[in-house]
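Residue strings, one per chain:
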Amino acid sequence: MKRRIFSGARPTGRLHLGNYLGALQNWVNLQSNYDCIYCVVDIHALTTMEDTSSLQKNIHDMVLDWLAAGLDPRKSILFVQSHVPEVTELHTLLSMVTPLSWLLRVPTFKEKVKLQPQNVNYGLVGYPVLQTADIVLYKADTVPVGEDQLPHLELAREIVRRFNNLFGETFPEPEAKLTSFPLVLGLDGKEKMSKQMGNDIELALSDEETLARVMEAVTDPARRYRDDPGHPEVCNVFRLHGYFSPFAQEELAENCRAAKIGCVDCKQKLAQEINTTLKAFRERRAVLAAKPQYVKDVLNDGASRARVTARETMREVKQKVGLL
Ligand code: TRP
Ligand code: SF4
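In what follows, the accompanying structure is described. Because the structure is a prediction, the values reported are computed rather than measured. (Residues numbered from 1 in each chain as written. Chains lettered and ligands numbered in written order. Predicted model: local features only at pLDDT ≥ 70, side-chain atom pairs only at ≥ 80, totals over all residues. Heavy atoms only, no water.)

**Some thoughts on the side chain of Asp134**
Here is step 1: Looking at where Asp134 falls in the secondary structure, it is placed in helix α8 (residues 127-137).
Here is step 2: We note that Asp134 is buried and unpaired, the nearest opposite charge coming from Arg10 at a distance of 9.9 Å.
Here is step 3: At 2.9 Å, the side chain of Asp134 and the side chain of Gln81 are in polar contact.
Here is step 4: In contact with Asp134, other than residues within four places in its own chain, are Phe6, Val41, His44, Gln81 and Val87. (Helix = DSSP H or I, 4+ residues; strand = E, 2+ residues; numbered from the N terminus. Buried < 20%, exposed > 50% of the residue type's maximum accessible area, 1.4 Å probe, protein only. Lys, Arg positive; Asp, Glu negative; His and termini not counted. Salt bridge = Lys/Arg side-chain N within 4 Å of Asp/Glu carboxyl O. Polar contact = N/O pair within 3.5 Å; in protein donor to acceptor, adjacent residues only side chain to side chain. Contact = heavy atoms within 4.5 Å.)

Structure below.
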């Protein structure tokens, strides 16, 4: 039997290059060898969102990016978390076997307490329990995630072990599958590329908008004049070139060090490379965006397929814990 992948993403709206290079391309490729389920985790989003007015639009925009990038509803299940409400039921049952002390020491929880001291809600503590429910509701065994999610996966395994010990073998222990892709820095060249930091390049920009964004990128600070020799090893524009045209990098580095290329030219080249790479993506996205009902249909179909498995699992779980 094929191994089963489950992964989720919070509905952040339009995705950027960091999402694309880091996770999305990987998700697309996994579709050929695994049984894949990809979920927009809208309930998780509520743990940190006080204003939910853009939630529906964000879901729509993100799923458009998913489809345009090649997530294929004929191969994979694409759905929205809250459309399969069994997950909240499983979350409640798993919460009974999860010691509070395990949750209070999760690094992401401690970060959130610092970031939003005015909103340390109950749901925030249970975030990793809901994440565990996401995965095990479908008995997924493989979870592609970034390094920041490893503590959540470790906790998921502990919860599963505990459940299986108490009630008998029910769920596989989910394994994290790390994406090997390096961290993509934002236009500031310091922080990880993210929408919140405002240092991102959205995938769905036009060619001109992409160029304008790239022009804002911080380069080698020592290079103030066109004749100053550059240091490509400290320049994030150089790093970005590496993702789009790795073969041209050596020559570029030489030209930068010898001040034979200026930063403006270098950025123009990068914007061109990005635009060429994303051309097909952008064309597909425009076609899909013109028929909004399509995204809805994909998500409805995904939810009804996911629900078949979810119902089966819940019947088994309820029997095991003595509710049936
Ligand atoms: N917590 C994950 C993140 O912030 C999102 C997520 C929710 C998830 N449920 C999941 C990831 C299940 C993998 C599997 O990125
Ligand atoms: Fe960076 Fe390119 Fe400027 Fe060199 S020429 S400093 S690699 S932007």
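There's more to say after this.
**Topic: the site of ligand 1**
Here is step 1: Around ligand 1 sit 13 residues in total, of which Arg10, Tyr127, Gln131, Asp134 and Gln149 are the nearest.
Here is step 2: One of the side-chain nitrogen or oxygen atoms of Arg10 is found 3.0 Å away from an oxygen atom of ligand 1.
Here is step 3: In this structure, Asp134 approaches ligand 1 through a side-chain N or O atom, which is 2.8 Å from a nitrogen atom.
Here is step 4: The element contributing the most residues to the shell around ligand 1 is α8, with four residues.
Here is step 5: Along the lines of polarity and charge, the residues of the shell around ligand 1 split into six nonpolar, five polar and two charged. (Near = heavy atom within 4 Å. Nonpolar A, V, L, I, M, F, W, Y, C, P; charged D, E, K, R; others polar.)

**Focus: the nonpolar core**
Here is step 1: With 53 residues, the main nonpolar core has Leu17, Tyr38, Trp66, Leu71, Ile201 and Ile274 as its most contacted residues.
Here is step 2: Dropping the residues within four chain positions of it, Ile274 is found in contact with Leu17, Ile201, Thr210, Val214 and Phe244.
Here is step 3: Ile77, Val84, Leu103 and Ala306 belong to the second-largest nonpolar core, a separate cluster that totals 39 residues. (Core = buried A, V, L, I, M, F, W, Y, C linked by side-chain atoms within 4.5 Å.)

**Brief notes about the site of ligand 2**
Here is step 1: Close to ligand 2 lie Thr219, Asp220, Arg223, Cys235, Val237, Phe238, Cys256, Cys263 and Cys266, which account for all nearby residues.
Here is step 2: Counting residues per element, the ones that place at least two in the shell around ligand 2 are α11 (236-244) and α13 (263-289).

**Structural notes on the side chain of Ser194**
Here is step 1: The topology assignment puts Ser194 in the loop between β5 (175-178) and α10 (207-215).
Here is step 2: You can call Ser194 buried: its relative accessible area is 16%.

Note that all results are geometric; they support no functional claim without further evidence.
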